[in-house]
Amino acid sequence: MPNPYHRLTGRRRTLLGYSQLWLGDDHILLVQSTRFAEDYRRFALTDIQAISVTDLPSRLFQQVAMAAAALAWTLSALAVNFILAKFFLAFTGSLALAYAVIDLARGDRCRCYLHTAVSKELLATVSRSRTAQVFLARVRPAIEAAQGRVTTEELAAVGIGVQAPVSDQPPELVAPRGYTLEILFTLFLVDAALIGLSVSFPNSEIAGALLTTVFAEVVLGIVALIRRTGRDRRNIAYAVIVVALFCVVADGAGLVGAVVNWFSQIVEAARQGARIPPGFVLAPRPASAYFAIGWRIAAGIVGLTSAVLERRTGRA
Amino acid sequence: MANVSTGGVICCGECSSPIPPEYWNQEANLHCLTCGCRVMVVAFPAIARKPAGMFPDAIELESEASCFYHPQSRATVPCEECGRFLCRLCDLEIDGEHLCPQCFQSGVRTRKLTKLETRRTMYDTIALALAAWPALLIWPAVLTAPASLFIVFRRWRAPGSLVPRTRIRFYLAGLFALAEIAFATFTIWTISQLSGRSGGR
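Rules used throughout
Residues numbered from 1 in each chain as written. Chains lettered and ligands numbered in written order. Predicted model: local features only at pLDDT ≥ 70, side-chain atom pairs only at ≥ 80, totals over all residues. Helix = DSSP H or I, 4+ residues; strand = E, 2+ residues; numbered from the N terminus. Buried ≥ 20, exposed ≤ 12 C-beta atoms within 10 Å, placed from the backbone. Contact = placed C-beta atoms within 7 Å. Nonpolar A, V, L, I, M, F, W, Y, C, P; charged D, E, K, R; others polar. Pairing = 2+ DSSP bridges. pLDDT = per-residue confidence, 0-100. Axes fitted to C-alpha atoms, helices over the stretch in contact; angles between N-to-C directions. Parallel < 35°, antiparallel > 145°, perpendicular 65-115°, else oblique.

Asks: Looking at this model, I keep getting lost on the overall build of chain A. Mind explaining?
Replies: Each helix and strand in chain A was counted, giving eight helices and eight strands. When the 316 residues of chain A are sorted by exposure, 31% land in the buried category. The long-range share in chain A, meaning contacts at least 24 apart out of those at least 6 apart in sequence, stands at 64%.

Structure representation (structure tokens):
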């Protein structure tokens, strides 16, 4: 006997298993698998009241930042000498880059709910807007074949009191409370000064502090992009952050190389029986140093100015 | 997220603000005023349907048959499994078959009512996992390979998934298990041969 089920969506995989939607003759079947067992939930086509799809706020900046960070990680394999480190950085970076690119290609995220008289089921497999469109295109005819089409009179008879009407325009924006952007751009300026000092005084301990502050730049930049909501219209400031993250890629390659060489110096010193390990010395080429100082000053000034001005004009 | 009855209210999936019925079944996506997310609601006639409760009729004449579970209610149909008379409240119709609550429960428990099955064990995945994963550590496969083979033969005819699924996992599990058993046998035989030769010297 042929199987009556037709696949509606792909598998939504988790660590413990996956879930998937199938269309039967008179119901939708939700399969939740733990690999060793499958649990089934059926939603009769005649009982489905509504399907709602809510597009989640865009995370384009975060996705681009993740791709940039993954690219930086991968390219840092060129800056190290150890073959094992090269392989590790290249392999893990490639995986992260592939994930970021696939995430970008799959499009915007959404949340899809299936409403019945007794339940409101979140369809985890319908997590992307494109998937939701395809899902609706396949399921809607089947449900309408079972129930017919709802009329305007029937909708009016539902008669639910609603407090918050919808609009075809986005809502008014509210000013954010944090100053993450301002702190980040100030940090750029501070790091520019630190890099200049470490180049002028190579035997000082300033280069050690740079390890922390550059890492803080990356973390703050990613946090700022993640915390950006769809209603924050400080586009110039966020664009500067994205560009800055790409510039950190270029700096990071040299920095990672310097760190790896420092580790190899420590290992060599230990072999020779040295009691005091060598300190971290950052000695970049002049062109690299000027580039690192230059882009930080530019990003700091432009970003700080735009963040302050955009906040005052209410775009924040 | 807990599954709760909607009560006919459709809410935004991000901020849970209700979406009024006049904005359902619109071609263009609308924005929720509370959170600004685009929302699309596709509604069907079931949302306007009032929930139908089937109250049983009371017995009016002594000659009328009463329900087995509700002696004061009039029986409308017998159970097609056990023959008990059922009122409208107790009648459970599954695929045109009328069942009493007890037969319904036992049908689900014994898996006679396949349309109501909520869980199935994937023995093919279990057999493949037993054959494949322990082999990474080499020696546990000596114990798990026979177990995998046992499951393959014992559960070959067990009902698989409700949705389309091939038997490739069973085939692979049997193949891996046989290969591991053969490898283990060959290893033991080789060791015994080598021990015999070195002992003979």
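Asks: Is there a simple way to think about the overall build of chain B in this case?
Replies: Along its length, chain B carries four helices and nine strands. Out of the 201 residues belonging to chain B, those deemed buried represent 29%. Considering only residue pairs separated by 6 or more positions, chain B has 29% of its internal contacts joining residues 24 or more positions apart.

Asks: Hey, could you run me through the interface of chain A and chain B in this one?
Replies: Many structure descriptions define interface size as the accessible area lost when the parts assemble. Across the boundary between the two partners, chain A contributes 56 residues, which contact 50 residues of chain B. If one sorts the elements of the side of chain A that touches chain B by residue count, strand β6 (residues 50-55) of chain A sits on top with six residues. In terms of residue class, the side of chain A that touches chain B is made up of 31 nonpolar, 13 polar and twelve charged. Relative to strand β9 (residues 119-121) of chain B, strand β5 (residues 37-44) of chain A runs antiparallel, the two sharing three bridges. What sits directly across from Asp 39 of chain A, in β9 of chain B, is Arg 119 of chain B.

Asks: I'm lost on the pairing of strand β3 (residues 18-23) of chain A in this one. Help?
Replies: Successive side chains on a regular strand alternate, one facing one side of the sheet and the next facing the other. Residues and elements named next belong to chain A. Relative to β3, strand β1 (residues 6-7) runs antiparallel, the two sharing two bridges. Each residue of the ladder has a partner; that of Arg 7, found in β3, is Trp 22. The pairing of strand β2 (residues 12-13) with β3 spans two bridges and is classified as antiparallel. Note that in β3 the partner of Arg 12 across the bridge is Ser 19. In this structure, the hairpin formed by β2 and β3 is closed by a connection of four residues. Pairing analysis gives six bridges linking β3 to strand β4 (residues 27-33), with the strands arranged antiparallel. Residue pairing in the sheet places Leu 21 in a bridge with Leu 30 of β4.

Asks: It is not clear to me how the confidence of the model for chain A should be interpreted in this structure. Could you clarify?
Replies: Low pLDDT marks regions whose predicted coordinates should not be analysed in detail. Residues and elements named next belong to chain A. The share of residues in chain A with pLDDT of 70 or more is 88%, and the mean pLDDT across the chain is 83. By mean pLDDT, the top-scoring element of chain A is β3 (94), and the lowest-scoring one is helix α4 (residues 152-158) (71). Every residue in residues 160-164 is under pLDDT 50, and counting partners more than four places away or in other chains gives twelve contacts.

Asks: Any chance you could explain the pairing of strand β4 (residues 38-43) of chain B here in plain terms?
Replies: Residues and elements named next belong to chain B. Of all six residues that make up β4, six are buried, and the element is covered over most of its length. Across the two faces of β4 the burial is the same, with Arg 38, Met 40 and Val 42 and Val 39, Val 41 and Ala 43 all buried. Sheet topology note: the strand β3 (residues 30-31)/β4 ladder contains two bridges and is antiparallel. Within β4, the residue paired with His 31 across the bridge is Arg 38. Joining the antiparallel neighbours β3 and β4 is a turn of six residues, in which Gly 36 adopts a positive phi near 85 degrees.

Asks: Sorry if this is basic, but what is going on with the packing of helix α1 (residues 60-75) of chain A against helix α6 (residues 206-227) of chain A here?
Replies: Angle between the axes and distance between the axes: these two values describe a pair of packed helices. Residues and elements named next belong to chain A. Two elements in contact, α1 and α6, have axes whose closest approach is 8 Å; the angle formed by their N-to-C orientations is 155 degrees. Regarding the angle of α1 to α6, the classification is roughly antiparallel. Seen from α1, the contacting residues are Phe 61, Gln 62, Ala 65 and Ala 69; seen from α6, they are Gly 221, Ile 222, Leu 225 and Ile 226. By residue class, the composition of the contact of α1 with α6 is six nonpolar, two polar and no charged.

Asks: Before we go on, may I ask you to explain the environment of His 6 of chain A in this structure?
Replies: All names here are of chain A. Looking at where His 6 falls in the secondary structure, it is placed in strand β1. Accessibility expressed as a C-beta count within 10 Å gives 14 for His 6, which makes it partly exposed. With near-sequence residues (within four places) excluded, His 6 lies in contact with Trp 22 and Leu 23.

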